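A structural walkthrough
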Amino acid sequence: MLGGWIVAGVTVPDHVVVVGAGFVGLSTAWYLQEAGVKVTVVDRAGVAAGSSWGNAGWLTPALTLPIAEPAIFKNGLKMMLDPASPLYIPLKADAKLLRFLIGFAWHSIPRKWEEAMRVYSEIGATGLDAFDEIAQATTAGPGVQELTKPADPFLTGFTSLKDRDGLLHEFEMIEKTGGEVDYELLTGDELRGIEPTLSNKVAAGVAIKNQRYLNPPKFMESLAESVVARGGDIIGNFNVTDVRDNGKSVTIIGSEGRSITADHVVLATGAWMTDMANKFGVNVVVQAGRGYSFTVEPEDMPTHPIYFPAQRVACTPLGDRFRIAGTMEFRDVNHKLEPKRIEAIVAAATPVYKGINWENRKEEWVGGRPCTADGMPLVGQTGSARVSVGGGHGMWGVALGPLTGKILAAQITGQQAPSIARHFNPLRKGF
């Protein structure tokens, strides 16, 4: 039955459909359930089938930074056209990608970067609170509380002191814009004392405190089990082709003629958001920034997540295997996995490790992280009172997924949303 009740002048929906079963979609469903709303989650494949599955799984306020940065100009366009570089842009680009790249370049100038840094510093202070709320109240599956671990500490590695200076400059900017980072400088030997699998080419490191990480697939399985245990429905293999605002209700249409009508719809469709949300006034381009990952089994399994900023290689221990992730590739989200991009990560990671058989790779994966040119997510109500969106988080959909779900649920149910939401207006003007 459609309908709802009134809270603070807002009609709270009885039933909300969430399109997308990734971190953002399931977190939104969970928070809507906290407010007493019935939820149905649909996904074109299933739980965590997109970029929520193969990412590094970091919850790192110190490293949650805008993607567009002044270093883009320093490194030059030549690097961006090299398939082996950490940031790759195919020579052939369509109008949507060109529009995104113009905006990306504009927001990479120092002044715009500093403006974005101020927002991210504010996010860093509050972004993980929603994770704690979910962890404390969720008991389904293995439990998300046990699946969220302190890094104790989170490690970064460098082959030169010059490379390390770049990260320290970012930390200075975080502190300048109101954030905090607690860290300690390490020599290469001190870093190898913590993680013996690192090679002698690692000359220096930084140990960052108060950061966390998780196993993305297991976390998502547990969160999905919690949503179902609390009365929600999760429907896989439901490819939404259209969303129709009926005036007093909204209907999603599936590719096989299936449809669901509800009081409200949340589009948490990642890199596929633009086409579906455009009809409701969301004109900011969401471009796929495709990331790659794979897993290996080192002779000595690392016990801490490790990041190599110069190489853009992110490494996370997942129990019995070690996930290696990296690269940012701006191209169509549906493009096939490019083996050269995996090979580029291997080439970057091989010199800084020892005791790893790089040929024995498993779980090779590519996912389209949804990026906006200004680095700000799109979170909130669209031009329709019955349609909201949550996406455009770039590399930080994991870290910001629960916060996004909390914001959306509060807005939809007439509660006070976290103040950070003011930066994420999906109807804002821009590229």
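Attention in this report is confined to the structure presented alongside it.

1. So, the pattern of salt bridges
It is possible for side chains bearing opposite charge to pair when their charged atoms get close. The full count for this structure, using the stated rule, is 24 salt bridges. Between R312 and E69 there is a salt bridge; the shortest N-O distance is 2.9 Å. Within this pair, whereas R312 is found in the loop between strand 18 (306-308) and strand 19 (313-317), its partner E69 is found in the loop between strand 5 (58-59) and helix 2 (71-75), the two being separated by 243 residues in sequence. Accessibility expressed as a relative area gives 34% for R312, which makes it partly exposed. On the basis of relative accessible area, E69 is assigned to the buried category, the value being 10%. The shortest N-O distance in the salt bridge between E329 and R331 comes to 3.1 Å. A residue is classified by how much of its surface remains accessible, and E329, at 0% relative accessible area, is buried. Overlapping salt bridges, with partners in common, bring together R290, E329, R331, K336, E338 and R341 in one network.

2. Some points on helix 8 (residues 161-176)
Helix length check: helix 8, at 16 residues, gives a terminal C-alpha distance of 22 Å against a target of 22 Å (1.5 Å per residue), a fit within 8%. If you check which residues of helix 8 are buried, you get R164, L167, L168, E170, F171, M173 and I174. Just downstream of helix 8 lies G178, where phi reads positive at about 105°.

3. Remarks on the pairing of strand 22 (residues 378-381)
Across 4 bridges, the pairing between strand 22 and strand 23 (residues 387-391) is antiparallel. By the bridge assignment for strand 23, L378 is matched with G391. A loop of 5 residues connects strand 22 with strand 23, the two strands running antiparallel in sequence.

4. Notes on the nonpolar core
By size, the foremost hydrophobic cluster in this structure holds 46 residues, and its most contacted members are L32, F131, I407 and F424. The set of elements that each furnish at least two residues to this core consists of strand 3 (15-19), helix 1 (23-34), strand 4 (38-42), helix 5 (110-126), helix 6 (129-137), helix 10 (216-229) and helix 13 (397-412). Per element, the largest residue contribution to this core is 9 residues, and it comes from helix 13. The residues contacting F424, other than those within four sequence positions of it, are V119, I123, M376, P377, L378, V379 and I407.

5. Observations regarding the sheet that holds strand 7 (residues 148-150)
Read from one edge of the open sheet, 3 strands run 5-11-7, paired in antiparallel fashion. Two strands in the sheet have a free side with no partner beyond their single neighbour: strand 5 and strand 7. By the bridge criterion, 3 bridges tie strand 7 to strand 11 (residues 212-214) in an arrangement that is antiparallel. Within the sheet, the bridge partner assigned to K149 lies in strand 11 and is Y213.

6. Quick look at helix 6
One turn of the α-helix equals 3.6 residues, which is why residues spaced by three or four share an orientation. Within the span of helix 6, buried status applies to A130, F131, I134 and A135. Taken down its axis, helix 6 places every buried residue within 135° of arc, on the same side.

7. Remarks on the side chain of S388
Mapped onto the secondary structure, S388 falls in strand 23. Engagement of the side chain of S388 in a polar contact is seen with the side chain of H264, the distance being 2.8 Å.

8. Description of the sheet that holds strand 4
Taking strand neighbours across the sheet as the criterion, the 6 strands line up as 12-4-3-16-23-22 in an open arrangement whose pairing is mixed. The open sheet has two edge strands, strand 12 (233-235) and strand 22, and neither has a second partner. Looking at each pair of strands side by side, their axes are set apart by 20° on average, direction ignored. Contacts from helix 13 reach strand 3, strand 16 (264-267), strand 22 and strand 23 within the one sheet, and its direction differs from that of strand 22 by about 15°.

9. A closer look at the pairing of strand 8 (residues 154-158)
Most of strand 8 is tucked away: 5 of the 5 residues are buried. Alternating residues of strand 8 divide into F154, T156 and F158 and L155 and G157, and every residue in both groups is buried. Bridge count between strand 8 and strand 10 (residues 204-208): 5 bridges; the pairing is antiparallel. The partner of T156 across the bridge, within strand 10, is V206. Note: strand 8 against strand 18, 2 bridges, orientation parallel. Each residue of the ladder has a partner; that of L155, found in strand 18, is I306.

10. Details of the packing of aromatic side chains
Taken as a whole and judged by the stated rule, the model has 13 aromatic pairs. Centroid distance W58 to F154: 4.7 Å. Interplanar angle 85°. Geometry classified as edge-to-face. Of this pair, W58 sits in strand 5 while F154 sits in strand 8, and the two are 96 residues apart along the sequence. The two residues W58 and F154 agree in class, both being buried. Directly above the aromatic system of W272 lies the positively charged group of R44, at a separation of 4.3 Å from the ring centroid. The aromatic ring of F294 is capped on one face by R361, whose charged end is 5.8 Å from the ring centroid.

Cut-offs applied
Residues numbered from 1 in each chain as written. Predicted model: local features only at pLDDT ≥ 70, side-chain atom pairs only at ≥ 80, totals over all residues. Heavy atoms only, no water. Salt bridge = Lys/Arg side-chain N within 4 Å of Asp/Glu carboxyl O. Helix = DSSP H or I, 4+ residues; strand = E, 2+ residues; numbered from the N terminus. Buried < 20%, exposed > 50% of the residue type's maximum accessible area, 1.4 Å probe, protein only. Expected span 1.5 Å × (residues − 1). Pairing = 2+ DSSP bridges. Core = buried A, V, L, I, M, F, W, Y, C linked by side-chain atoms within 4.5 Å. Contact = heavy atoms within 4.5 Å. Arc of directions from axis to C-beta. Polar contact = N/O pair within 3.5 Å; in protein donor to acceptor, adjacent residues only side chain to side chain. Axes fitted to C-alpha atoms, helices over the stretch in contact; angles between N-to-C directions. Phe/Tyr/Trp six-rings, centres within 6.5 Å; stacked < 30°, edge-to-face > 60°. Lys NZ or Arg CZ within 6 Å of the ring centre and 35° of its normal.

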